[in-house]
Amino acid sequence: SGNNASLSWTTPYCYPETESEILTYGEGDIYYSWTSICYAHRYLAEDIAQYANMLIFKTSTYVNYTGTYTVYIYTGTKNNKPDPDALASTATIYCTSDTGWKELILNEPVTISGNKDLWIVMKQENTGVTYPTPSFNLDTYNENACYTGSSPTQISPISNSYKISWLIKAYLTDGTHTYN
């Protein structure tokens, strides 16, 4: 009695119910054409300038096998690959054998600068198979829609004889959010 108490806490970021925009290189029928541990989309700064100051709050990818899936978001490029010093956020999920689109909610939302490249790299592990990477067919080759490699920062575009895109989506919000 007669004592004053103070309580403070850090409020976690609460994500919106629906996205404002979705970054992807399109959609189509599921097709497996490549084997990879890591697969990625690269969005050039000039192509995403219109989304400057928007936040990426989650990603999704098409999963066909039980295993661990991790997304890495990089906000810069070094030597035509994701800049290891520009890792902005990650998220990891373990998926059961339920086939379909699976969401990975980022540990921290990522702000799109509008003047730097954006990389969304998916890593598959512990699937018990030779890493069939989900893709769909495109009408023309798009180097930025199909990077692949052995680690998140050691990736390269696949051959231009493949007209495909990986099944990756990034969900954007205009930055409005609420706290619970």
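This structure is a prediction, so every number in the text was calculated from the model and none was measured.

## Considerations on the overall build of the protein
Alright, step 1. Assigned secondary structure in the protein consists of 1 helix and 15 strands.
Alright, step 2. Buried residues in the protein amount to 46% of all 180 residues.
Alright, step 3. Counting only contacts in the protein whose residues sit at least 6 apart along the sequence, the fraction spanning at least 24 positions is 79%.
Alright, step 4. Total accessible area on the protein is roughly 9,400 Å²; 44% of this is exposed by carbon and sulfur atoms.

## Things to note about the nonpolar core
Alright, step 1. Membership of the largest hydrophobic core comes to 26 residues, with the highest contact counts inside it found for Ile56, Val71, Leu118 and Ile120.
Alright, step 2. Of all elements in the fold, only strand S3 (38-43), strand S4 (55-63), strand S5 (67-74), strand S8 (87-95), strand S9 (100-111), strand S10 (118-125), strand S14 (164-166) and strand S15 (168-173) reach the threshold of two or more residues within this core.
Alright, step 3. Not counting chain neighbours up to four residues away, the residues in contact with Ile120 comprise Tyr39, Ala40, His41, Tyr43, Thr59, Val71, Tyr72, Ile73, Ile168 and Ala170.

## Considering the confidence of the model for the protein
Caution is warranted with low-pLDDT regions, since their predicted coordinates should not be read in detail.
Alright, step 1. Here the protein averages 80 in pLDDT, while 73% of its residues score no lower than 70.
Alright, step 2. Of all secondary-structure elements in the protein, the lowest mean pLDDT belongs to strand S2 (residues 31-35), at 50, while strand S6 (residues 77-78) reaches the highest, 97.
Alright, step 3. Here residues 6-14 scores under 50 on pLDDT; set against residues more than four positions off or in separate chains, the count is 13 contacts.

## Some words on the environment of Gly114
Alright, step 1. Following the sequence through the fold, Gly114 ends up in the loop between S9 and S10.
Alright, step 2. Assessed through its relative accessible area of 17%, Gly114 is described here as buried.
Alright, step 3. Measuring from C-alpha to C-alpha, the distance between Gly114 and Met54 comes to 9.1 Å, with 60 residues separating the pair along the chain.
Alright, step 4. The residues contacting Gly114, other than those within four sequence positions of it, are Ala45, Ile48, Ala49 and Ala52.

## Description of the sheet that holds S8
Alright, step 1. Overall, antiparallel pairing links the 6 strands, which are arranged S8-S5-S10-S3-S12-S13 in an open sheet. The outermost strands of the open sheet, each flanked by one partner alone, are S8 and strand S13 (154-157). Each neighbouring strand pair of the sheet contributes to a mean axis angle of 20°, computed without reference to strand direction.
Alright, step 2. Of the strand pairs in this sheet, strand S12 (residues 147-151) and S13 are connected by 4 bridges, and their pairing is antiparallel. Following the sheet pairing, Thr148 is matched in S13 by Ser156.

## Quick look at unusual backbone geometry
Alright, step 1. Positive phi values are uncommon outside glycine, yet Asn53 reaches one of about 75°.
Alright, step 2. By secondary structure assignment, the location of Asn53 is in the loop between helix H1 (45-48) and S4.
Alright, step 3. Assessed through its relative accessible area of 59%, Asn53 is described here as exposed.
Alright, step 4. Residues other than glycine seldom take positive phi values, yet Asn80 does so here, at roughly 65°.
Alright, step 5. The topology assignment puts Asn80 in the loop between S6 and strand S7 (81-82).

So, how was this worked out
Residues numbered from 1 in each chain as written. Predicted model: local features only at pLDDT ≥ 70, side-chain atom pairs only at ≥ 80, totals over all residues. Heavy atoms only, no water. Helix = DSSP H or I, 4+ residues; strand = E, 2+ residues; numbered from the N terminus. Buried < 20%, exposed > 50% of the residue type's maximum accessible area, 1.4 Å probe, protein only. Contact = heavy atoms within 4.5 Å. Areas by Shrake-Rupley, 256 points an atom, 1.4 Å probe, with all protein chains shown as cover. Core = buried A, V, L, I, M, F, W, Y, C linked by side-chain atoms within 4.5 Å. pLDDT = per-residue confidence, 0-100. Pairing = 2+ DSSP bridges. Axes fitted to C-alpha atoms, helices over the stretch in contact; angles between N-to-C directions.

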